Amino acid sequence: ELKVEQNPLFLSMQEGKNYTIYCNYSTTSDRLYWYRQDPGKSLESLFVLLSNGAVKQEGRLMASLDTKARLSTLHITAAVHDLSATYFCAVDTYNNNDMRFGAGTRLTVKP
Amino acid sequence: ETGVTQTPRHLVMGMTNKKSLKCEQHLGHNAMYWYKQSAKKPLELMFVYSLEERVENNSVPSRFSPECPNSSHLFLHLHTLQPEDSALYLCASSQGWAGELFFGEGSRLTVL
């Protein structure tokens with residue numbers, strides 16, 4: 001069974017600091033996704049990583065994928081308050097009918 | 001309208017009621033999904049419709065019944081629910097096997 005683990009589950013950081021969220025998964029897959037969810041809102045797609053070594057950046061967020069290690073990272077650079085949200089990683093099985101989500105990382109950026 | 005829209009946004013129902021959640025996507029996608037999001041569990045896939053054909057998910061109780069009349073519309077019929085079914089129900093769509101999901105705003109369900 002595919003398992004997706006994120007850590008940390010809760011992250012409180014100061015504005016201007018850097019940090020990394022980790023996403024590990026248990027079975028072979030080369031498609032990984034990052035989503036953002038604001039409180040009371042739906043999920044918004046951030047990144048789609050489709051191959052080993054893929055790296056994508058958008059503003060202060062950068063995501064990477066290492067399929068051999070079964071690991072994806074979401075790196076936050078010089079955090080700002082607007083980045084406060086819950087971030088989910090999700091992994092496709094080759095079946096493609098069951099995208100498994102991690103438990104989410106609730107990020108709070110404090111002034 | 002654009003994207004994925006869900007109605008109602010909030011629903012309160014008794015355990016003996018019958019209600020339905022509606023989802024409509026305006027993205028031209030050919031796959032639609034129902035997910036359940038509760039405080040205690042990660043996002044759980046409930047049902048998938050691909051090209052209007054349902055993929056069975058045996059772990060979903062029969063009190064939840066999906067319907068996909070066409071590629072743009074998806075319903076979740078609710079019948080004799082339990083209080084533990086209270087959650088945010090999210091509809092999503094995608095284009096084929098691309099995988100990237102586009103979510104609606106969700107329907108917040110409370111079962112009394």
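Only a predicted model underlies this, so the values are computations on that prediction, with no experimental measurement involved.

### A word on the overall build of chain B
From N to C terminus, chain B includes 0 helices and 11 strands. Reading the secondary structure of chain B in the N-to-C direction produces β-β-β-β-β-β-β-β-β-β-β. Expected size for 112 residues packed as a compact globule is a radius of gyration near 13 Å; at 13 Å, chain B falls within 12% of this value. Dimensions of chain B along its principal axes, counting C-alpha atoms only, are 35 × 30 × 25 Å. For chain B, with 112 residues in total, the buried portion stands at 46%.

### Remarks on the packing of aromatic side chains
Enumeration over the complete set of coordinates arrives at 8 aromatic pairs over all chains. Centroid distance Phe64(B) to Tyr89(B): 5.8 Å. Interplanar angle 35°. Geometry classified as tilted. Separated by 25 residues along the polypeptide, Phe64(B) in strand β7 (residues 64-70) and Tyr89(B) in strand β9 (residues 87-94) bring together distant segments of the chain. Residue class for Tyr89(B) comes out buried when judged on its relative accessible area of 0%. A connected cluster of aromatic rings, assembled from ring pairs, spans Tyr33(A), Tyr35(A), Phe101(A), Tyr33(B), Tyr35(B) and Phe103(B).

### Quick notes on the sheet that holds strand β8 (residues 71-76) of chain A
All names here are of chain A. Here we have 5 strands laid out as an open sheet, ordered β1-β3-β8-β7-β6, and antiparallel in their pairing. Each edge of the open sheet carries a strand with a single partner, namely β1 (4-7) and β6 (55-58). Pairs of neighbouring strands in the sheet enclose a mean axial angle of 15°, with direction left out of account. In this sheet, strand β7 (residues 61-66) lies alongside β6 in antiparallel orientation, the contact comprising 4 bridges. Note on β7: the bridge partner recorded for Val 55 is Ser 64.

How each quantity is defined
Residues numbered from 1 in each chain as written. Chains lettered and ligands numbered in written order. Predicted model: local features only at pLDDT ≥ 70, side-chain atom pairs only at ≥ 80, totals over all residues. Heavy atoms only, no water. Helix = DSSP H or I, 4+ residues; strand = E, 2+ residues; numbered from the N terminus. Rg over C-alpha atoms; globule rule 2.2 N^0.38 Å. Buried < 20%, exposed > 50% of the residue type's maximum accessible area, 1.4 Å probe, protein only. Phe/Tyr/Trp six-rings, centres within 6.5 Å; stacked < 30°, edge-to-face > 60°. Pairing = 2+ DSSP bridges. Axes fitted to C-alpha atoms, helices over the stretch in contact; angles between N-to-C directions.

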